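# Coordinates in review
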Amino acid sequence: MPPHPRELKAEDIRLPPEVTRLLYVRNIPFSITSEEMYDIFGKYCKKGGIRQIRIGCDKATKGTAFVVYDNIYDAKRAVDHLTGFQVANRYLIVQYYQPTKMSKKVDLKKNEEELAKLQEKYGVSTKDK
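Overview of the structure. One numbering rule holds for all chains: residues counted from 1, following each sequence as written. Where totals are concerned, whole chains, interfaces and linings use all residues; where local detail is concerned, this predicted model gives features only for residues with pLDDT of at least 70, and gives and counts side-chain atom pairs only at 80 or more. Excluded from the side-chain calculation are hydrogens and water; included are all heavy atoms of the structure.

### Topic: the sheet that holds strand 6 (residues 93–96)
Pairing between strands is defined by DSSP: at least two bridges between them are needed. The helix and strand labels rest on DSSP assignments: H or I over at least four residues marks a helix, E over at least two residues marks a strand, and numbering proceeds from the N terminus. Pairing within the open sheet is antiparallel, and its four strands lie in the order 2-3-1-6. Two strands in the sheet have a free side with no partner beyond their single neighbour: strand 2 (50–55) and strand 6. Strand after strand, the sheet turns through a mean of 20° between neighbouring axes, direction not considered. One ladder, built from four bridges, connects strand 1 (residues 22–26) with strand 3 (residues 65–69); its direction is antiparallel. Across the sheet, residue Tyr24 finds its bridge partner in strand 3, namely Phe66. Two residues qualify as a contact provided that any one of their heavy atoms is within 4.5 Å of a heavy atom in the partner residue. Interaxial angles span 0 to 180 degrees and are taken between N-to-C directions of axes, which are lines fitted to C-alpha atoms, for helices over the stretch in contact. Most of the contacts of helix 1 (residues 34–42) go to strand 2, to which it runs at about 135°, and overall it touches strand 1, strand 2, strand 3 and strand 6. Strands in contact with helix 2 (residues 72–82) are strand 1, strand 3 and strand 6; relative to strand 6, the strand with the most contacts, it is inclined by about 150°.

Printed below as a string of structure tokens:
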């Protein structure tokens with residue numbers, strides 16, 4: 001007979017394939033420090049359960065961060081609890097990092113830039129007259 005659902009441990013639950021140990025966090029206040037990030041995200045793991053936190057510092061990455069947990073279940077718990085969490089009047093957006101989706105966004109931006117250059121080179125305008 002299978003165990004009762006209340007008797008299951010977190011490690012016994014099968015997770016969807018998009019769940020990873022690496023989280024991508026958006027909409028964080030620009031003034032937040034690494035220590036504050038460790039305080040916020042450290043509540044969802046055992047002491048020392050966070051491997052690394054990287055906060056974006058240049059114009060394109062400001063307001064974003066990557067958080068790497070040692071345990072995938074700690075990362076899931078953080079996503080479940082911190083998505084929509086308010087920090088300094090901003091609501092955090094916490095997602096599992098998915099490199100394939102991130103690279104598609106970069107490719108789209110590159111294609112748009114290339115298209116704009118070609119339009120300028122050949123004098124083609126997309127604006128209605």
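### Details of the environment of Val87
One can find Val87 in strand 4 (residues 86–87). The sequence separation of Val87 and Ile40 amounts to 47 residues, and the corresponding C-alpha distance is 9.3 Å. In this view, Val87 contacts Pro29, Ile32, Ile40 and Leu92; residues no more than four positions away in its chain are not counted.

### A word on the pattern of salt bridges
Any Lys or Arg side-chain nitrogen located within 4 Å of an Asp or Glu carboxyl oxygen qualifies as a salt bridge. Per the counting criterion, the structure on display carries three salt bridges. In this structure, Arg77 engages Asp74 in a salt bridge whose closest nitrogen and oxygen atoms are separated by 2.4 Å. Taken together, the positions of Arg77 and Asp74, both in helix 2 and three residues apart, correspond to about one turn of that helix. Of the charged contacts, one joins Asp80 and Lys76 as a salt bridge, the two residues approaching to 2.9 Å between their closest N and O atoms. Here Asp80 and its partner Lys76 are both found in helix 2, four residues apart, which amounts to about one turn of the helix. Whether a residue is buried, partly exposed or exposed follows from its accessible area with a 1.4 Å probe, protein chains only, as a fraction of its type maximum: under 20%, in between, or over 50%, in that order. With relative accessibility at 26%, the residue Lys76 sits in the partly exposed group.

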